[in-house]
Each structure stands twice: as structure tokens, then as C-alpha cells.
Amino acid sequence: MDLDGQGRIRIPDRLSEYAGLRREAYLLGVQDHAELWDRESWDNFVETNTPTFDELATQAYQGPTGNR
């Protein structure tokens, strides 16, 4: 991967368009890989799914039988 003179990574246009990247983005570490999200798309995703995240975390903590 090549960096520009300011240490930035150049995302090819076809990948930038595919990901819907505009001006600002988030780089997220997710288990064994990284995800690059458009800022507005990520903010909308988090706002829409936060209640589900909380429910999934509760289920994961309790386990399939609810015995933890």
C-alpha cells in the first residue's frame, strides 16, 4: 500500500464509489479486519441499530439458555 506525501492512503475510485465514501470516513477495527465507512452512513447505521446492539449483547452474555 502506498502513502501520499502526507501519510494518507489512496483509496481507488472504484472502491470509494462502491463504499459510498464521500468526504469524511471512519476506519473501524472489526475482529480480524478493518472496515471503512462513510461518516454519514456509519452515524445512521449506529443510530438505527443501537437498540439491537444492546439486545444482542444481553443475549450473548446470557447465552442460549439464559444461564450465565
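Residues numbered from 1 in each chain as written. Predicted model: local features only at pLDDT ≥ 70, side-chain atom pairs only at ≥ 80, totals over all residues. Heavy atoms only, no water.

Student: I keep staring at the pattern of salt bridges and nothing clicks. Help me out?
Tutor: With the rule as written, the count across this model stands at 6 salt bridges. Residues R39 and E24 are paired through a salt bridge, measuring 2.4 Å at the closest nitrogen-oxygen approach. In this pair, R39 sits in helix α2 (residues 39-62) while E24 sits in the loop between α1 (13-19) and β1 (25-30), placing the two residues 15 residues apart along the sequence. Given the relative accessible area of 41%, E24 is considered partly exposed. Members of the salt-bridge network, linked through shared partners, are R22, D38 and E40. (Salt bridge = Lys/Arg side-chain N within 4 Å of Asp/Glu carboxyl O. Helix = DSSP H or I, 4+ residues; strand = E, 2+ residues; numbered from the N terminus. Buried < 20%, exposed > 50% of the residue type's maximum accessible area, 1.4 Å probe, protein only.)

Student: I would appreciate a short explanation of α2 in the present structure.
Tutor: Every α-helix carries 3.6 residues per turn, so stepping three or four residues along brings you back to the same face. With 24 residues, α2 ought to run about 34 Å at 1.5 Å a step, and its terminal C-alpha atoms sit 33 Å apart, in line with that. The largest bend in α2 is about 55°, located at N49, with the proline P51 one to four residues further on. Structurally, the start of α2 carries an N-cap: the backbone nitrogen of E40 is 3.2 Å from a side-chain oxygen of D38. (Expected span 1.5 Å × (residues − 1). Bend = angle between axes of the 7 residues up to and from the residue. Polar contact = N/O pair within 3.5 Å; in protein donor to acceptor, adjacent residues only side chain to side chain.)

Student: Whenever I open this one, the packing of aromatic side chains confuses me. Can you help?
Tutor: Describing an aromatic ring pair means giving the distance of the ring centres and the angle of the ring planes. In total, this model carries 4 aromatic pairs according to the counting rule given. Here the aromatic rings of W37 and F45 are separated by 5.1 Å at their centres, their planes lie at 40°, and the arrangement is tilted. Pairing F45 with F53 gives two aromatic rings, centres 5.9 Å apart and planes at 55°, and the pair type is tilted. Every member of this aromatic cluster is reached through a ring pair, and the members are W37, W42, F45 and F53. (Phe/Tyr/Trp six-rings, centres within 6.5 Å; stacked < 30°, edge-to-face > 60°.)

Student: Looking at this structure, I do not really get unusual backbone geometry. What am I missing?
Tutor: Note: most residues except glycine have negative phi, and most peptide bonds are trans. Even without glycine at this site, Q31 takes up a positive phi of about 50°. Mapped onto the elements, Q31 comes out in the loop between β1 and β2 (33-38). You can call Q31 exposed: its relative accessible area is 84%.

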